[in-house]
Amino acid sequence: MIVLNPEPLDFSFLPETLPHREREIERIESIFISPVMDGLQTSLLIHGISGTGKTATVRYVMRRHPEISFHYINSLAHTSVRSVLNEFASGLGLVLPPGPINYSVIFRRIASKISQQRKPVVLVIDEFSSIARADFEGIYNLLRAREVHGVSIPTVLVSLDNPLVYFKESEIRSIGNVESLKFLRYGVGELRDIVSDRVDRAITPGACSDEVIDYIADISEQYGSARVAIEVLQKSAYIAEYRQSAEIGIDDVRAAKSMINPYITESKLASLMEEDLVVLLAVCRCLVSSRYCESSCIMQEVSVIAEDFLGSPMPASRASGVLRKLETVGLVDSRVIGQPGDSRKVYGISEVPVSVLSRKIISMLGKKQ
Ligand SMILES: Nc1ncnc2c1ncn2[C@@H]1O[C@H](COP(=O)(O)OP(=O)(O)O)[C@@H](O)[C@H]1O
Ligand SMILES: [Mg+2]
(Lines give C-alpha, C1' and ligand atoms only; values in the text may rest on other atoms or scores of the structure.)
(Ligands and ions follow the chains in the order given, each with its own letter.)
Protein backbone atom coordinates (compact mmCIF):
# COMPACT_ATOMS: atom_id res chain seq x y z
CA MET A 1 0.00 0.00 0.00
CA ILE A 2 1.34 3.40 -0.96
CA VAL A 3 -1.21 5.83 0.44
CA LEU A 4 -1.23 5.44 4.18
CA ASN A 5 -3.40 8.47 4.92
CA PRO A 6 -5.32 10.02 2.01
CA GLU A 7 -6.37 13.22 3.80
CA PRO A 8 -3.16 15.27 3.37
CA LEU A 9 -3.39 14.68 -0.39
CA ASP A 10 -6.85 16.25 -0.54
CA PHE A 11 -7.03 19.86 -1.67
CA SER A 12 -9.07 20.88 1.37
CA PHE A 13 -6.41 19.64 3.83
CA LEU A 14 -4.86 22.41 5.92
CA PRO A 15 -1.50 21.39 7.45
CA GLU A 16 -0.37 22.57 10.92
CA THR A 17 2.39 24.57 9.28
CA LEU A 18 2.66 26.26 5.91
CA PRO A 19 6.28 26.19 4.81
CA HIS A 20 7.36 29.27 2.81
CA ARG A 21 4.36 31.36 3.73
CA GLU A 22 5.73 32.52 7.10
CA ARG A 23 6.41 36.02 5.75
CA GLU A 24 2.88 36.38 4.33
CA ILE A 25 1.35 35.13 7.60
CA GLU A 26 3.39 37.66 9.54
CA ARG A 27 2.37 40.47 7.17
CA ILE A 28 -1.34 39.60 7.46
CA GLU A 29 -1.02 39.64 11.23
CA SER A 30 0.75 42.97 11.33
CA ILE A 31 -1.15 44.91 8.67
CA PHE A 32 -4.59 43.43 9.22
CA ILE A 33 -5.12 41.36 12.38
CA SER A 34 -3.43 43.78 14.80
CA PRO A 35 -5.38 46.84 13.58
CA VAL A 36 -8.63 44.84 13.79
CA MET A 37 -7.82 43.84 17.37
CA ASP A 38 -7.21 47.53 18.11
CA GLY A 39 -10.67 48.30 16.80
CA LEU A 40 -9.42 49.91 13.59
CA GLN A 41 -11.34 49.43 10.37
CA THR A 42 -9.20 48.15 7.60
CA SER A 43 -9.32 46.03 4.47
CA LEU A 44 -6.81 43.65 2.98
CA LEU A 45 -6.57 42.57 -0.63
CA ILE A 46 -4.75 39.29 -1.23
CA HIS A 47 -3.99 38.34 -4.79
CA GLY A 48 -1.84 35.94 -6.77
CA ILE A 49 -2.16 33.14 -9.29
CA SER A 50 -3.89 29.86 -8.54
CA GLY A 51 -2.11 27.46 -6.18
CA THR A 52 0.07 30.04 -4.44
CA GLY A 53 -1.48 29.26 -1.07
CA LYS A 54 -3.84 32.22 -0.69
CA THR A 55 -6.79 30.22 0.64
CA ALA A 56 -4.59 27.97 2.79
CA THR A 57 -2.82 30.99 4.32
CA VAL A 58 -6.04 32.83 5.07
CA ARG A 59 -7.57 29.71 6.66
CA TYR A 60 -4.37 29.24 8.64
CA VAL A 61 -4.56 32.79 10.01
CA MET A 62 -8.25 32.30 10.80
CA ARG A 63 -7.43 29.18 12.80
CA ARG A 64 -4.77 31.06 14.76
CA HIS A 65 -7.17 33.78 15.90
CA PRO A 66 -10.15 32.34 17.72
CA GLU A 67 -10.54 35.75 19.39
CA ILE A 68 -11.89 37.05 16.06
CA SER A 69 -15.18 35.98 14.53
CA PHE A 70 -14.35 35.31 10.87
CA HIS A 71 -17.12 34.94 8.33
CA TYR A 72 -15.63 33.10 5.36
CA ILE A 73 -17.58 33.26 2.11
CA ASN A 74 -16.58 31.60 -1.14
CA SER A 75 -17.93 33.95 -3.76
CA LEU A 76 -17.98 31.32 -6.51
CA ALA A 77 -21.46 30.63 -5.21
CA HIS A 78 -22.44 34.25 -5.87
CA THR A 79 -22.70 36.55 -8.82
CA SER A 80 -22.79 39.88 -7.00
CA VAL A 81 -21.45 41.66 -3.91
CA ARG A 82 -25.05 42.13 -2.81
CA SER A 83 -25.63 38.39 -2.61
CA VAL A 84 -22.33 37.92 -0.73
CA LEU A 85 -23.53 40.53 1.76
CA ASN A 86 -26.82 38.67 2.06
CA GLU A 87 -24.98 35.50 3.05
CA PHE A 88 -22.82 37.50 5.47
CA ALA A 89 -25.93 39.09 6.99
CA SER A 90 -27.66 35.76 7.45
CA GLY A 91 -24.47 34.38 9.05
CA LEU A 92 -24.83 37.19 11.58
CA GLY A 93 -28.42 36.19 12.21
CA LEU A 94 -29.89 39.09 10.25
CA VAL A 95 -32.75 38.62 7.85
CA LEU A 96 -32.72 41.22 5.10
CA PRO A 97 -36.04 41.94 3.41
CA PRO A 98 -36.48 40.16 0.07
CA GLY A 99 -35.98 42.15 -3.11
CA PRO A 100 -33.49 44.89 -3.80
CA ILE A 101 -32.59 47.11 -0.88
CA ASN A 102 -29.98 49.79 -1.15
CA TYR A 103 -26.42 49.36 -0.01
CA SER A 104 -26.68 51.99 2.73
CA VAL A 105 -29.43 50.01 4.42
CA ILE A 106 -27.53 46.72 4.09
CA PHE A 107 -24.34 48.21 5.52
CA ARG A 108 -26.09 49.99 8.37
CA ARG A 109 -27.97 46.87 9.41
CA ILE A 110 -24.82 44.78 9.28
CA ALA A 111 -22.85 47.41 11.22
CA SER A 112 -25.44 47.60 13.96
CA LYS A 113 -25.48 43.80 14.28
CA ILE A 114 -21.67 43.73 14.41
CA SER A 115 -21.60 46.33 17.17
CA GLN A 116 -23.55 43.90 19.37
CA GLN A 117 -21.00 41.09 18.97
CA ARG A 118 -18.51 40.29 21.70
CA LYS A 119 -15.67 39.53 19.28
CA PRO A 120 -14.41 41.67 16.39
CA VAL A 121 -16.07 40.50 13.17
CA VAL A 122 -14.10 40.05 9.94
CA LEU A 123 -15.57 39.30 6.53
CA VAL A 124 -13.40 37.11 4.27
CA ILE A 125 -14.45 36.84 0.62
CA ASP A 126 -12.48 34.20 -1.27
CA GLU A 127 -12.45 33.59 -5.03
CA PHE A 128 -13.40 37.21 -5.49
CA SER A 129 -12.16 37.41 -9.11
CA SER A 130 -15.42 36.20 -10.56
CA ILE A 131 -17.29 39.08 -8.95
CA ALA A 132 -14.59 41.73 -9.22
CA ARG A 133 -14.99 42.13 -12.95
CA ALA A 134 -18.72 41.54 -13.15
CA ASP A 135 -19.99 43.80 -10.37
CA PHE A 136 -18.08 47.04 -10.31
CA GLU A 137 -20.83 48.87 -8.46
CA GLY A 138 -20.75 46.22 -5.73
CA ILE A 139 -17.02 46.27 -5.21
CA TYR A 140 -17.09 50.06 -5.24
CA ASN A 141 -19.69 50.03 -2.48
CA LEU A 142 -17.83 47.40 -0.51
CA LEU A 143 -14.41 49.04 -0.61
CA ARG A 144 -15.70 52.57 -0.23
CA ALA A 145 -18.37 51.75 2.32
CA ARG A 146 -16.78 54.01 4.89
CA GLU A 147 -16.77 57.02 2.61
CA VAL A 148 -20.07 56.35 0.87
CA HIS A 149 -22.18 54.86 3.68
CA GLY A 150 -20.29 55.87 6.81
CA VAL A 151 -19.85 52.22 7.73
CA SER A 152 -16.96 49.93 7.25
CA ILE A 153 -16.43 46.29 7.93
CA PRO A 154 -12.94 44.78 8.21
CA THR A 155 -12.75 42.75 5.01
CA VAL A 156 -10.25 40.43 3.38
CA LEU A 157 -10.71 39.98 -0.36
CA VAL A 158 -8.89 37.09 -2.01
CA SER A 159 -8.61 37.04 -5.79
CA LEU A 160 -6.37 36.30 -8.74
CA ASP A 161 -5.80 39.96 -9.66
CA ASN A 162 -5.71 42.98 -7.45
CA PRO A 163 -9.27 44.38 -7.69
CA LEU A 164 -7.87 47.90 -7.34
CA VAL A 165 -6.79 47.74 -10.98
CA TYR A 166 -10.42 48.53 -11.78
CA PHE A 167 -10.31 51.78 -9.81
CA LYS A 168 -9.05 55.26 -10.70
CA GLU A 169 -6.17 56.76 -8.68
CA SER A 170 -8.48 59.29 -7.03
CA GLU A 171 -10.91 56.54 -6.02
CA ILE A 172 -8.13 54.43 -4.56
CA ARG A 173 -7.07 57.36 -2.40
CA SER A 174 -10.59 57.78 -1.08
CA ILE A 175 -10.96 54.12 -0.08
CA GLY A 176 -8.98 54.71 3.07
CA ASN A 177 -7.10 52.03 4.84
CA VAL A 178 -6.58 49.25 2.29
CA GLU A 179 -3.48 47.13 2.16
CA SER A 180 -2.64 44.65 -0.54
CA LEU A 181 -0.46 41.60 -0.47
CA LYS A 182 0.66 39.69 -3.52
CA PHE A 183 1.39 35.97 -3.29
CA LEU A 184 4.23 35.04 -5.61
CA ARG A 185 4.55 31.76 -7.50
CA TYR A 186 6.42 29.04 -5.63
CA GLY A 187 9.94 28.24 -6.80
CA VAL A 188 11.18 24.70 -7.33
CA GLY A 189 12.82 24.43 -3.89
CA GLU A 190 9.66 25.62 -2.16
CA LEU A 191 7.53 23.15 -4.10
CA ARG A 192 9.92 20.38 -3.13
CA ASP A 193 9.49 21.22 0.58
CA ILE A 194 5.70 21.36 0.27
CA VAL A 195 5.53 18.02 -1.58
CA SER A 196 8.00 16.43 0.80
CA ASP A 197 5.90 17.51 3.77
CA ARG A 198 2.78 15.90 2.21
CA VAL A 199 4.75 12.73 1.46
CA ASP A 200 5.72 12.46 5.14
CA ARG A 201 2.09 12.82 6.19
CA ALA A 202 0.41 10.65 3.56
CA ILE A 203 2.70 8.10 1.97
CA THR A 204 4.07 4.82 3.33
CA PRO A 205 7.69 5.39 4.45
CA GLY A 206 10.08 4.46 1.65
CA ALA A 207 7.42 4.47 -1.10
CA CYS A 208 8.29 7.90 -2.47
CA SER A 209 11.99 8.55 -3.10
CA ASP A 210 13.68 11.95 -3.02
CA GLU A 211 14.16 11.60 -6.77
CA VAL A 212 10.39 11.34 -7.27
CA ILE A 213 9.81 14.34 -4.99
CA ASP A 214 12.37 16.34 -6.97
CA TYR A 215 10.75 15.32 -10.23
CA ILE A 216 7.26 16.39 -9.08
CA ALA A 217 8.73 19.76 -8.02
CA ASP A 218 10.54 20.11 -11.37
CA ILE A 219 7.47 19.57 -13.49
CA SER A 220 5.28 21.79 -11.30
CA GLU A 221 7.76 24.64 -11.30
CA GLN A 222 6.50 26.18 -14.54
CA TYR A 223 3.09 26.76 -12.90
CA GLY A 224 4.53 27.92 -9.55
CA SER A 225 1.55 26.16 -8.01
CA ALA A 226 1.40 23.99 -4.89
CA ARG A 227 -2.02 22.87 -6.08
CA VAL A 228 -0.54 21.34 -9.22
CA ALA A 229 2.33 19.74 -7.28
CA ILE A 230 0.04 18.14 -4.69
CA GLU A 231 -2.38 16.91 -7.34
CA VAL A 232 0.48 15.29 -9.28
CA LEU A 233 1.68 13.61 -6.08
CA GLN A 234 -1.81 12.33 -5.29
CA LYS A 235 -2.39 10.93 -8.79
CA SER A 236 1.12 9.38 -8.97
CA ALA A 237 0.51 7.60 -5.67
CA TYR A 238 -2.79 6.09 -6.82
CA ILE A 239 -1.38 5.11 -10.21
CA ALA A 240 1.50 3.29 -8.48
CA GLU A 241 -0.94 1.66 -6.08
CA TYR A 242 -3.13 0.54 -8.98
CA ARG A 243 -0.26 -1.23 -10.65
CA GLN A 244 0.49 -2.85 -7.28
CA SER A 245 3.96 -1.39 -7.05
CA ALA A 246 5.61 -0.93 -3.65
CA GLU A 247 6.80 2.53 -4.62
CA ILE A 248 6.01 5.49 -6.85
CA GLY A 249 8.09 5.45 -10.04
CA ILE A 250 9.18 8.31 -12.29
CA ASP A 251 6.83 7.05 -14.97
CA ASP A 252 3.90 7.17 -12.54
CA VAL A 253 4.63 10.88 -12.16
CA ARG A 254 4.65 11.32 -15.94
CA ALA A 255 1.32 9.47 -16.17
CA ALA A 256 -0.11 11.63 -13.40
CA LYS A 257 1.09 14.81 -15.09
CA SER A 258 -0.55 13.76 -18.35
CA MET A 259 -3.85 13.22 -16.52
CA ILE A 260 -4.09 16.59 -14.91
CA ASN A 261 -4.52 19.92 -16.52
CA PRO A 262 -2.71 22.60 -14.57
CA TYR A 263 -5.24 25.24 -15.57
CA ILE A 264 -8.36 23.14 -15.07
CA THR A 265 -7.47 21.19 -11.95
CA GLU A 266 -9.92 18.85 -10.28
CA SER A 267 -9.91 20.96 -7.17
CA LYS A 268 -10.94 23.96 -9.24
CA LEU A 269 -13.84 21.98 -10.73
CA ALA A 270 -14.78 20.68 -7.29
CA SER A 271 -15.19 24.23 -6.05
CA LEU A 272 -17.87 24.96 -8.67
CA MET A 273 -21.59 24.92 -7.99
CA GLU A 274 -23.92 22.50 -9.78
CA GLU A 275 -25.23 25.17 -12.11
CA ASP A 276 -21.68 26.22 -13.04
CA LEU A 277 -21.00 22.63 -14.04
CA VAL A 278 -24.20 22.56 -16.09
CA VAL A 279 -23.16 25.64 -18.10
CA LEU A 280 -19.60 24.35 -18.51
CA LEU A 281 -20.97 21.04 -19.80
CA ALA A 282 -23.18 22.97 -22.22
CA VAL A 283 -20.09 24.78 -23.56
CA CYS A 284 -18.29 21.43 -23.96
CA ARG A 285 -21.23 19.99 -25.92
CA CYS A 286 -21.24 22.95 -28.30
CA LEU A 287 -17.51 22.50 -28.92
CA VAL A 288 -17.44 18.80 -29.80
CA SER A 289 -16.62 19.47 -33.43
CA SER A 290 -15.92 23.17 -33.62
CA ARG A 291 -13.28 25.55 -32.37
CA TYR A 292 -15.72 28.15 -31.06
CA CYS A 293 -19.41 28.35 -30.32
CA GLU A 294 -22.05 31.02 -29.93
CA SER A 295 -23.94 31.80 -26.76
CA SER A 296 -27.22 30.77 -28.45
CA CYS A 297 -25.90 27.19 -28.72
CA ILE A 298 -24.80 27.26 -25.07
CA MET A 299 -28.21 28.50 -23.91
CA GLN A 300 -29.98 25.78 -25.88
CA GLU A 301 -27.77 23.07 -24.38
CA VAL A 302 -28.21 24.54 -20.90
CA SER A 303 -31.97 24.15 -21.14
CA VAL A 304 -31.62 20.44 -21.91
CA ILE A 305 -28.84 19.70 -19.40
CA ALA A 306 -30.45 21.67 -16.56
CA GLU A 307 -33.63 19.60 -16.90
CA ASP A 308 -31.58 16.38 -16.92
CA PHE A 309 -29.25 17.09 -14.02
CA LEU A 310 -30.93 19.74 -11.90
CA GLY A 311 -34.49 18.65 -12.58
CA SER A 312 -35.55 22.25 -13.26
CA PRO A 313 -34.91 24.85 -15.95
CA MET A 314 -32.23 27.51 -15.54
CA PRO A 315 -33.28 31.04 -16.59
CA ALA A 316 -31.22 32.43 -19.49
CA SER A 317 -30.12 35.46 -17.43
CA ARG A 318 -28.76 33.14 -14.74
CA ALA A 319 -26.94 31.02 -17.34
CA SER A 320 -25.38 34.17 -18.88
CA GLY A 321 -24.17 35.24 -15.44
CA VAL A 322 -22.62 31.82 -14.87
CA LEU A 323 -20.98 31.93 -18.32
CA ARG A 324 -19.38 35.30 -17.45
CA LYS A 325 -18.10 33.81 -14.22
CA LEU A 326 -16.60 30.78 -16.03
CA GLU A 327 -14.79 33.27 -18.27
CA THR A 328 -13.37 35.26 -15.38
CA VAL A 329 -12.11 32.18 -13.59
CA GLY A 330 -10.43 31.09 -16.82
CA LEU A 331 -12.38 27.91 -17.50
CA VAL A 332 -13.87 29.26 -20.73
CA ASP A 333 -12.13 31.62 -23.19
CA SER A 334 -13.91 34.09 -25.39
CA ARG A 335 -13.05 36.18 -28.38
CA VAL A 336 -14.80 38.68 -30.58
CA ILE A 337 -15.00 37.79 -34.26
CA GLY A 338 -16.28 39.56 -37.37
CA GLN A 339 -15.93 43.13 -38.57
CA PRO A 340 -16.49 46.24 -36.48
CA GLY A 341 -20.21 46.93 -36.52
CA ASP A 342 -20.93 43.28 -37.23
CA SER A 343 -18.98 41.53 -34.52
CA ARG A 344 -20.03 38.86 -32.07
CA LYS A 345 -18.59 37.05 -29.12
CA VAL A 346 -17.75 33.37 -29.35
CA TYR A 347 -16.65 30.95 -26.67
CA GLY A 348 -14.02 28.24 -26.59
CA ILE A 349 -12.06 25.87 -24.37
CA SER A 350 -8.47 25.28 -25.35
CA GLU A 351 -6.79 23.98 -22.22
CA VAL A 352 -8.27 20.51 -22.08
CA PRO A 353 -10.09 18.14 -24.46
CA VAL A 354 -13.81 18.81 -24.14
CA SER A 355 -14.48 15.04 -24.18
CA VAL A 356 -12.34 14.59 -21.05
CA LEU A 357 -13.88 17.60 -19.35
CA SER A 358 -17.43 16.44 -20.21
CA ARG A 359 -16.79 13.04 -18.65
CA LYS A 360 -15.44 14.62 -15.48
CA ILE A 361 -18.39 16.99 -15.19
CA ILE A 362 -20.95 14.23 -15.77
CA SER A 363 -19.39 12.12 -13.07
CA MET A 364 -19.34 15.11 -10.69
CA LEU A 365 -22.95 16.01 -11.40
CA GLY A 366 -23.86 12.36 -11.02
CA LYS A 367 -22.22 12.27 -7.59
CA LYS A 368 -23.98 15.41 -6.47
CA GLN A 369 -27.40 14.13 -7.49
N1 LIG B 1 3.05 26.86 1.73
C2 LIG B 1 2.30 25.78 1.65
N3 LIG B 1 2.56 24.70 2.41
C4 LIG B 1 1.80 23.59 2.34
N5 LIG B 1 0.76 23.45 1.51
C6 LIG B 1 0.45 24.50 0.71
C7 LIG B 1 1.19 25.70 0.75
N8 LIG B 1 0.66 26.56 -0.16
C9 LIG B 1 -0.36 25.92 -0.73
N10 LIG B 1 -0.51 24.68 -0.22
C11 LIG B 1 -1.50 23.69 -0.60
O12 LIG B 1 -1.67 23.79 -2.02
C13 LIG B 1 -3.03 23.70 -2.38
C14 LIG B 1 -3.44 24.97 -3.08
O15 LIG B 1 -3.34 26.06 -2.19
P16 LIG B 1 -4.49 27.17 -2.10
O17 LIG B 1 -4.32 27.89 -0.82
O18 LIG B 1 -5.82 26.54 -2.34
O19 LIG B 1 -4.08 28.10 -3.32
P20 LIG B 1 -4.84 29.38 -3.91
O21 LIG B 1 -5.95 29.72 -2.97
O22 LIG B 1 -3.78 30.43 -3.98
O23 LIG B 1 -5.29 28.96 -5.27
C24 LIG B 1 -3.80 23.44 -1.09
O25 LIG B 1 -3.97 22.05 -0.95
C26 LIG B 1 -2.87 23.98 -0.01
O27 LIG B 1 -3.04 23.28 1.21
MG1 LIG C 1 -8.00 29.75 -3.30
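Values in this document were obtained by computation on a predicted structure and should not be read as measured data.

Turning next to the state of the cysteines. All chains considered together, the criterion is met by one disulfide. With a sulfur-sulfur separation of 2.2 Å, Cys286 is cross-linked through a disulfide to Cys297. Its torsion about the S-S bond being -100°, the disulfide of Cys286 and Cys297 is classed as left-handed. Residue Cys286 is found in helix H14 (residues 274-286), and its partner Cys297 is found in helix H15 (residues 295-310); the two are separated by eleven residues along the sequence. The thiol sulfur of Cys284 is not disulfide-bonded, and the nearest other cysteine sulfur, from Cys286, lies at 9.3 Å. In this structure Cys284 comes out as buried when scored by relative accessible area, which is 0%.

Right, let's talk about the packing of aromatic side chains for a bit. Using the criterion set out here, one finds one aromatic pair in the structure. The ring of Tyr103 carries the charged tip of Arg82 above its face, separated from the ring centre by 4.4 Å.

Following the UniProt record, one finds the feature "domain: ORC1/DEAH AAA+ ATPase" (unreviewed entry) at residues 41-157. Helix makes up 44% of residues 41-157 and strand 17%, and the two end C-alpha atoms of the span are 14 Å apart.

Core analysis: the largest hydrophobic core is formed by 36 residues, its most contacted members being Val279, Leu280, Ile298, Ile349 and Leu357. Within the residue set of this core, elements represented by two or more residues are H14, H15, helix H16 (316-328) and helix H17 (354-368). By residue number, the principal contributor to this core is H14, which donates nine residues. Excluding residues that lie within four positions of it along the chain, Ile349 makes contacts with Leu280, Val283, Cys284, Leu287, Leu331, Val332, Asp333, Val354 and Leu357.

In the vicinity of ligand 1, 19 residues are found, and the nearest of them are Pro19, Lys54, Ala56, Tyr186 and Arg227. Gly53 has a polar backbone atom sitting 3.1 Å from an oxygen atom of ligand 1. Take Thr55: an N or O atom from its side chain is 2.9 Å from an oxygen atom of ligand 1. Alone, ligand 1 offers 560 Å² of accessible surface; in the complex the protein occludes 95% of this. Looking at the shell around ligand 1, the elements with two or more residues in it are helix H2 (54-64), helix H9 (188-202) and helix H11 (226-242). Broken down by class, the residue content of the shell around ligand 1 amounts to ten nonpolar, five polar and four charged.

Parameters at a glance
- Residues numbered from 1 in each chain as written.
- Chains lettered and ligands numbered in written order.
- Predicted model: local features only at pLDDT ≥ 70, side-chain atom pairs only at ≥ 80, totals over all residues.
- Heavy atoms only, no water.
- Disulfide = S-S within 2.5 Å.
- Helix = DSSP H or I, 4+ residues; strand = E, 2+ residues; numbered from the N terminus.
- Buried < 20%, exposed > 50% of the residue type's maximum accessible area, 1.4 Å probe, protein only.
- Phe/Tyr/Trp six-rings, centres within 6.5 Å; stacked < 30°, edge-to-face > 60°.
- Lys NZ or Arg CZ within 6 Å of the ring centre and 35° of its normal.
- UniProt positions renumbered as here; feature names shortened; annotations may be inferred.
- Core = buried A, V, L, I, M, F, W, Y, C linked by side-chain atoms within 4.5 Å.
- Contact = heavy atoms within 4.5 Å.
- Near = heavy atom within 4 Å.
- Polar contact = N/O pair within 3.5 Å; in protein donor to acceptor, adjacent residues only side chain to side chain.
- Areas by Shrake-Rupley, 256 points an atom, 1.4 Å probe, with all protein chains shown as cover.
- Nonpolar A, V, L, I, M, F, W, Y, C, P; charged D, E, K, R; others polar.

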